[in-house]
Amino acid sequence: MSETMCPVKSNLLGPALLPDASDSLIRSPGARRGKRCGPKLPAELACMQNLRDSWDMFYRRMGRSWGGVTRDIPDLPCGSRVLELGCGSGKTIRGMIGKGWRIVAIDISRRAVEISRSIKDGVTVASQLGNPSTNSSKGITEEVELLTADGRLLPFRDEVFDAVFAFHVLGHLLETQRSVVTREIIRVTRSGGLVFFRGFSFDDFRAGGDEIERGTFIRGDGTITHYFTEDEVLDLFKPLLNLSVNTVRWRMRVGGADLIRSEIRAAFRKE
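Reference entry: report on the structure contained in this document. (Residues numbered from 1 in each chain as written. Predicted model: local features only at pLDDT ≥ 70, side-chain atom pairs only at ≥ 80, totals over all residues. Heavy atoms only, no water.)

A few points about empty space enclosed by the protein
Moving on, step 1. Going through the model one piece at a time under the given rule, you end up with one cavity of 30 Å³ or more.
Moving on, step 2. Put simply, the largest cavity is a space of about 40 Å³.
Moving on, step 3. Lining the largest cavity, in full, are His168, Gly171, His172, Arg198, Gly199, Phe200, Thr225, His226 and Phe228.
Moving on, step 4. Going through the elements one at a time, strand S5 (189–200) and strand S8 (224–226) are the ones with two or more residues in the lining of the largest cavity.
Moving on, step 5. The dominant element in the lining of the largest cavity, judged by the number of residues it contributes, is S5, at three residues. (1 Å grid on protein atoms, 1.4 Å probe; cavity = no way out; pocket = protein on both sides within 12 Å on 5 of 7 lines; lining within 4 Å. Points joined across faces, edges and corners; volume = space filled by probe spheres on them. Helix = DSSP H or I, 4+ residues; strand = E, 2+ residues; numbered from the N terminus.)

With respect to the environment of Phe165
Moving on, step 1. The residue Phe165 is located in strand S4 (residues 161–167) in this model.
Moving on, step 2. Its relative accessible area of 0% is what places Phe165 among the buried residues.
Moving on, step 3. Separated by 31 residues in the primary sequence, Phe165 and Phe196 have C-alpha atoms spaced 4.9 Å apart.
Moving on, step 4. Those residues in contact with Phe165 that lie beyond four places of it in its chain are Ile73, Pro74, Leu76, Val82, Leu83, Glu84, Leu85, Met96, Trp101 and Phe196. (Buried < 20%, exposed > 50% of the residue type's maximum accessible area, 1.4 Å probe, protein only. Contact = heavy atoms within 4.5 Å.)

Some thoughts on unusual backbone geometry
Moving on, step 1. Unusually for a residue other than glycine, Glu159 sits at a positive phi of about 55 degrees.
Moving on, step 2. With respect to the helices and strands, the residue Glu159 is situated in the loop between strand S3 (144–148) and S4.
Moving on, step 3. On the basis of relative accessibility, which here comes to 39%, the residue Glu159 falls in the partly exposed class.
Moving on, step 4. The backbone of His168 sits at a positive phi, close to 50 degrees, despite the residue not being glycine.

Considerations on the pattern of salt bridges
Close approach of charged atoms allows side chains with opposite charge to pair.
Moving on, step 1. Applying the stated rule across the entire model yields 11 salt bridges.
Moving on, step 2. Note that Asp203 and Arg249 form a salt bridge whose closest N and O atoms lie 2.6 Å from each other. Taken as a pair, Asp203 in the loop between S5 and strand S6 (210–213) and Arg249 in strand S9 (residues 241–254) lie far apart in primary sequence, 46 residues in all.
Moving on, step 3. In this structure Asp203 comes out as partly exposed when scored by relative accessible area, which is 27%.
Moving on, step 4. Residue class for Arg249 comes out partly exposed when judged on its relative accessible area of 48%. (Salt bridge = Lys/Arg side-chain N within 4 Å of Asp/Glu carboxyl O.)

Regarding the sheet that holds S6
Moving on, step 1. With antiparallel pairing, three strands are arranged side by side in an open sheet as S6-S7-S8. Each edge of the sheet is formed by a strand with only one pairing partner; in this case those strands are S6 and S8. Pairwise comparison of adjacent strand axes, ignoring direction, gives a mean angle of 35 degrees for this sheet.
Moving on, step 2. In the sheet, S6 pairs with strand S7 (residues 216–218) via three bridges, with the strands oriented antiparallel. The partner of Asp210 across the bridge, within S7, is Ile218. (Pairing = 2+ DSSP bridges. Axes fitted to C-alpha atoms, helices over the stretch in contact; angles between N-to-C directions.)

Written out as structure tokens, the structure reads:
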């Protein structure tokens, strides 16, 4: 890491976690200050387990399916405490490495977290920064705390993150679940903190198939994808101040044809 970078502090999770975050009992949204309530309801357990199983199956089959590094990540001050929601196989984590942030990354899939954690084997901070000649043994776990957790019930205290990144995670939930996760995102973001969203747009070439809700399609492995409009995104985060929302399109060549990928990117501030 460059000497100009600010140092990364250890024990990133400690002060952020709720006192009983590892407990098998659930805390309701109204009991978020260390209090516990009863066990999860059977229906809720089934819903959480089905989602986890679908994504565990996906990552067992596909492994590190999304290669490369997420680009165009917004700038934040050194030392910022950052939450990445839905880390998947670590593509966005790689884009965050070397910025001097205090990163906590979660995913509902245990397999996804294992894959992200394995990036440290043979991958250095130097190579992620485009300087493979520098010999550094610091893997991503030097800068990132990884945790298996459900975004619908984040195990963090109120207002502990300077920024939350929700890149291609809300689109893999049904409408009611998207609202729940958004409320959780807002809860754990500090006043003045930022929220960054990315999700596929309704005009993406992959939109279509077995529609289970308007604009939401299910695949054979049980995973779902919702394709957003800009108005949907603004409505989802309406408690926050809208800083920007735009649709980014690019061409992807598939089977000799140029097809359009389309992604909505948005940034918000919690006042």
